[in-house]
Amino acid sequence: MVPLVPRMLALGLASWAAGPAEGLLVTNKGKALWHLTYQAARGSGGFHRRGLASVGDVFEKRKEFTQEDVEAFVELTGDANPIHTVAGRGGNERPIVPGLLCSSLFPSIIGTTFPGSLYLGQTLRFRKKVYVGDAVVARLVVSRVQGRRTTFETTCVKEESGEVAVEGEAGALVRQP
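Cut-off values and rules
Here the residue numbering is sequential within each chain, running from 1 through the sequence in written order. In keeping with the model being predicted, local features are shown solely for residues with a pLDDT of at least 70 and side-chain atom pairs are shown and tallied solely at 80 or more, while totals for entire chains, interfaces and linings include all residues. Side-chain measures here rest on the full set of heavy atoms in the structure, leaving out hydrogens and waters. We call a pair of cysteine sulfur atoms a disulfide when they lie within 2.5 Å. For every residue, the accessible area (1.4 Å probe, protein chains only) is compared with the maximum for its type, and the residue is labelled buried under 20%, exposed over 50%, or partly exposed between those bounds. Secondary structure is summarised from DSSP: a helix means a run of H or I of at least four residues, a strand means a run of E of at least two, and numbering begins at the N terminus for each. Picture the helix axis, draw a direction to every C-beta atom, and the arc is the one those directions span. Here, residues are in contact when the closest pair of their heavy atoms is within 4.5 Å. Each salt bridge in this description consists of a side-chain nitrogen of Lys or Arg and a carboxyl oxygen of Asp or Glu lying within 4 Å of one another.

This paragraph deals with the state of the cysteines. If you walk through the whole model with that rule in mind, you get zero disulfides. Left without a disulfide partner, Cys 102 is nearest to the cysteine sulfur of Cys 156, which lies 4.6 Å away. Given the relative accessible area of 1%, Cys 102 is considered buried. For Cys 156, a relative accessible area of 0% puts it in the buried group.

Take a look at the structure:
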C-alpha cells in the first residue's frame, strides 16, 4: 500500500471498507499508482495524490447494480419503463439497468477523487445492454487539461465480456487543493 494511504485513512480523507465495496484504481500512463477500496453509497473516500489531473491519468470504479439500485433509480426519476423492473419484458431475460444509472458512475468518480469539483457536461452513447447483476467497470481517462477545466474520455465496460456498454466524454472544473 502507498505510504500516504494509511495517513489519509487516519485523517479521514479516505476510508477503508470491509465486505462488499467499490474499488478506485488510479494509474498514470498504464502504471498503477494505487488502488483504494471505499463505499461510494456512503459518500466516503476518494482523493488524488497531487490534487490535479494529468493527461493520461486513469480512474476506474467497479459496480454490480442490484435490482434494489434499479428500483431506487426508477422511483427517483419516474422512469416507469417495465424493461427496468420486470424480467421478460422486451424479450430480455433480466431487467435492464438504465443507461443513465450506469453513466452516473462517471461523476461519482470525479466527485470522490476531486472533492468540490464541478461537473460541466457529459456526452453519452449507449452501445450494449447492462442487466441487473452484471458487473461493470467505469473508466475515465484524462484527455485534456486546461487550467482547472479537465476533459475525460469515459467508458463503462461489462466486466465479463469486455464489451463497451456506455462511452462518451465528460468535462469538469477540477477543484485545486
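That was the structure; now back to the text.
Further remarks concern helix 2 (residues 67–77). When helix 2 is considered as a whole, its buried residues turn out to be Gln 67, Val 70, Phe 73 and Val 74. End-on view of helix 2: buried residues confined to an arc of 125 degrees, all on one side of the axis. Of the residues in helix 2, the exposed ones pointing more than 90 degrees away from the buried face are Glu 68, Glu 75 and Leu 76. The secondary structure elements touched by the buried residues of helix 2 are helix 3 (99–103). Gly 78, located one to two residues past helix 2, shows a positive phi value of around 80 degrees.

Turning our attention to the pattern of salt bridges. A pair can form between side chains of opposite charge whenever their charged atoms are brought close. A complete count under the given rule lists ten salt bridges for this structure. With its nearest N and O atoms 3.1 Å apart, the salt bridge here joins Arg 62 to Glu 159. Residue Arg 62 is found in strand 3 (residues 57–64), and its partner Glu 159 is found in the loop between strand 6 (149–158) and strand 7 (164–173); the two are separated by 97 residues along the sequence. The class of Arg 62 is partly exposed, set by a relative accessible area of 34%. According to the relative accessible area criterion, Glu 159 is partly exposed, its value standing at 40%. Across the salt bridge formed by Lys 63 and Asp 69, the nearest N and O atoms sit 3.6 Å from each other. Look at Lys 63 and you get buried, because its relative accessible area is 18%. On the basis of relative accessible area, Asp 69 is assigned to the partly exposed category, the value being 25%.

Such coordinate-based values are descriptive only and should not be taken to indicate function.
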